[in-house]
Amino acid sequence: MSFPSVPVGLAARFNPAGAGDRAVARGPLGHQRGRSTCALSRRRARRHDCPPAPVRAKENGTRALGGHVTRVKICCIGSLGEAQAAARAGADAIGLVAAMPSGPGPIPEPLIADIIAATPPTVMTVLLSAETNSASLLDQVKRMQPKAIQLVDPAAAAAVPDLRAAAPTLRIIEVLHVTGPESLVDAERSQADMLLLDSGAPDAAVPELGGTGRVHDWSVSAEIVRRADRPVWLAGGLTPDNVTDALRTVRPYGVDICSGLRPAGALDGQKLASFMQAVRGRR
Ligand SMILES: O=C(O)c1ccccc1N[C@@H]1O[C@H](COP(=O)(O)O)[C@@H](O)[C@H]1O
């Protein structure tokens with residue numbers, strides 16, 4: 001099965017191979033990191049060869065600092081039809097959830113592999129995995145062939161170097177379950193290509209590794225984004241109603257949503273359209 005074509009504008013600004021993403025993120029975000037030097041005065045900025053000041057959004061937060069268009073990842077895709085609907089709506093990425101200890105998203109691996117194979121290259125296919133060791137993670141990647149892997153268990157952070165060495169084109173997204181200021185330290189330590197800030201409770205009796213529908217403290221997330229030198233996705237309890245606020249507060253590279261588009265389990269077409277409209281800012 002193949003997808004209808006994705007709007008040209010979306011394809012052009014999203015490069016699943018990754019080089020473009022890194023370039024976009026490392027420019028403006030790296031600039032923010034050096035803010036103490038670069039933001040003090042224009043003269044000092046010139047002396048230190050700082051990049052131009054980021055363009056601030058005039059509208060409702062749809063363009064984060066640096067003027068990039070906010071990426072959208074539609075997660076918990078459950079069928080080829082849902083993947084097609086997400087691509088048609090303009091999603092930059094889709095999330096496919098493998099076996100998890102809890103949550104609404106898991107689907108069988110053969111279905112994940114079929115959806116990935118049918119997805120156009122302009123959409124980043126993200127496999128969500130609860131595995132923590134590199135051999136098991138790599139086996140999953142071989143079986144399903146995603147463009148990116150989302151490591152939802154904090155214990156998987158140690159596997160990042162092995163994954164990168166064995167699968168150099170695979171984008172690695174490390175999930176940080178934001179609990180408080182200590183998450184800033186985890187963000188600093190990460191070796192992944194991208195971070196994804198979520199609201200799980202990995203230490204609960206039945207671990208929650210995502211798909212909770214809960215928001216976390218966005219002020220911590222905003223600080224992580226300010227300090228980060230790599231793309232940061234915001235997830236956890238986003239909805240069409242709160243995403244504008246989330247964008248204004250956190251200014252992430254992209255937003256990621258599961259439960260907020262699934263009041264009855266399946267992807268709700270109207271909620272998907274409202275979410276895309278809120279993020280893209282077409283009012
Ligand atoms: O959805 C799940 O079942 C799930 C289970 C374990 C880890 C992640 C999971 N889903 C992902 O969690 C985030 C946020 O979801 P929500 O919007 O708060 O419901 C998202 O990436 C989901 O795909």
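Residues numbered from 1 in each chain as written. Predicted model: local features only at pLDDT ≥ 70, side-chain atom pairs only at ≥ 80, totals over all residues. Heavy atoms only, no water.

The subject of this paragraph is the site of the ligand. Surveying the vicinity of the ligand reveals 24 residues, the closest of which are Cys75, Gly105, Gly211, Asp256 and Ser259. Between the ligand and Gln150 there is a distance of 3.4 Å, counted from an oxygen atom to a side-chain nitrogen or oxygen. Between an oxygen atom of the ligand and a side-chain N or O atom of Asp256, the distance comes to 2.4 Å. Out of a free accessible area of 510 Å², the ligand has 100% covered by protein chains. Judged by its atoms lying within 2 Å of the grid points, the ligand is housed in the largest cavity. Residue composition of the shell around the ligand, grouped by class: 10 nonpolar, 11 polar and three charged. (Near = heavy atom within 4 Å. Polar contact = N/O pair within 3.5 Å; in protein donor to acceptor, adjacent residues only side chain to side chain. Areas by Shrake-Rupley, 256 points an atom, 1.4 Å probe, with all protein chains shown as cover. 1 Å grid on protein atoms, 1.4 Å probe; cavity = no way out; pocket = protein on both sides within 12 Å on 5 of 7 lines; lining within 4 Å. Sits in = over half its atoms within 2 Å of the grid points. Nonpolar A, V, L, I, M, F, W, Y, C, P; charged D, E, K, R; others polar.)

Looking now at the side chain of Asn242. The residue Asn242 is located in the loop between β7 (232-234) and α11 (243-250) in this model. Asn242 sits in the buried class, given a relative accessible area of 18%. At a separation of 2.9 Å, a polar atom in the side chain of Asn242 contacts the main-chain carbonyl oxygen of Gly237. Apart from residues lying up to four places away in sequence, Asn242 is in contact with Val215, Trp218 and Gly237. (Helix = DSSP H or I, 4+ residues; strand = E, 2+ residues; numbered from the N terminus. Buried < 20%, exposed > 50% of the residue type's maximum accessible area, 1.4 Å probe, protein only. Contact = heavy atoms within 4.5 Å.)

UniProt records the feature "domain: N-(5'phosphoribosyl) anthranilate isomerase (PRAI)" (unreviewed entry) at residues 73-278, using the numbering of this structure. This span, residues 73-278, is 36% helix and 17% strand, and a straight line between its end C-alpha atoms measures 14 Å. (UniProt positions renumbered as here; feature names shortened; annotations may be inferred.)

Moving on to the pairing of strand β8 (residues 254-257). Burial along β8 is two-sided: the residues Gly254 and Asp256 and Val255 and Ile257 are all buried. Pairing of strand β1 (residues 71-74) with β8, which is carried by four bridges, proceeds in the parallel orientation. Each residue of the ladder has a partner; that of Arg71, found in β8, is Gly254. Sheet topology note: the β7/β8 ladder contains two bridges and is parallel. (Pairing = 2+ DSSP bridges.)

Picture a little ball the size of a water molecule; that probe, rolled over the atoms, points out where space is still empty. A complete count under the given rule lists one cavity of 30 Å³ or more for this structure. Cys76, Asp198, Gly210, Gly211 and Cys258 are the residues nearest the centre of the largest cavity, which is lined by 28 residues in total. For the lining of the largest cavity, the secondary structure elements donating two or more residues are β6 (194-198) and β8. For the lining of the largest cavity, the class distribution of residues is 14 nonpolar, 12 polar and two charged. (Points joined across faces, edges and corners; volume = space filled by probe spheres on them.)

With that out of the way, let us pick up the confidence of the model for the protein chain. Per-residue confidence for the protein chain gives a mean pLDDT of 82, with 76% of residues at or over 70. When the criterion is pLDDT under 50, residues 1-66 qualifies, and its contacts beyond four places in sequence or with other chains add up to 111 contacts. Both confidence scores are given for the complex: pTM 0.80, ipTM 0.98. (pLDDT = per-residue confidence, 0-100.)

With that out of the way, let us pick up the packing of α11 against helix α12 (residues 269-280). Where α11 contacts α12, the two axes come as close as 9 Å, and the packing angle between them is 30°. Of the possible angle classes, the one that applies to α11 and α12 is roughly parallel. You can see that α11 and α12 cross each other, and the crossing is right-handed. Judged by residue contacts, Val243, Thr244 and Leu247 of α11 engage Phe275, Ala278 and Val279 from α12. Here the contact of α11 with α12 is composed, by residue class, of five nonpolar, one polar and no charged. (Axes fitted to C-alpha atoms, helices over the stretch in contact; angles between N-to-C directions. Parallel < 35°, antiparallel > 145°, perpendicular 65-115°, else oblique. Left-handed = near helix turned anticlockwise from the far one by under 90°.)

Quick look at unusual backbone geometry now. Most peptide bonds adopt trans geometry, and most residues besides glycine take a negative phi value. At Cys76, a position not held by glycine, the phi torsion is positive, near 60°. Of note in the backbone geometry, Arg251 takes a positive phi value of approximately 55° without being a glycine. The topology assignment puts Arg251 in the loop between α11 and β8.

The full count for this structure, using the stated rule, is one aromatic pair. A ring pair is formed by Trp233 and Tyr253, whose centres lie 5.4 Å apart and whose planes are at 80°; its orientation type is edge-to-face. Of this pair, Trp233 sits in strand β7 while Tyr253 sits in the loop between α11 and β8, and the two are 20 residues apart along the sequence. (Phe/Tyr/Trp six-rings, centres within 6.5 Å; stacked < 30°, edge-to-face > 60°.)

The next point concerns the nonpolar core. A general tendency of soluble globular proteins is for nonpolar side chains to be buried together. One finds Ile74, Ile149 and Phe275 to be the most contacted residues of the largest nonpolar core, which totals 57 residues. No other element matches the five residues that α12 contributes to this core. Each residue touching Phe275, except ones within four places of it in the same chain, is listed here: Val72, Ile74, Leu238, Thr239, Pro240, Val243, Val255, Ile257 and Leu261. (Core = buried A, V, L, I, M, F, W, Y, C linked by side-chain atoms within 4.5 Å.)

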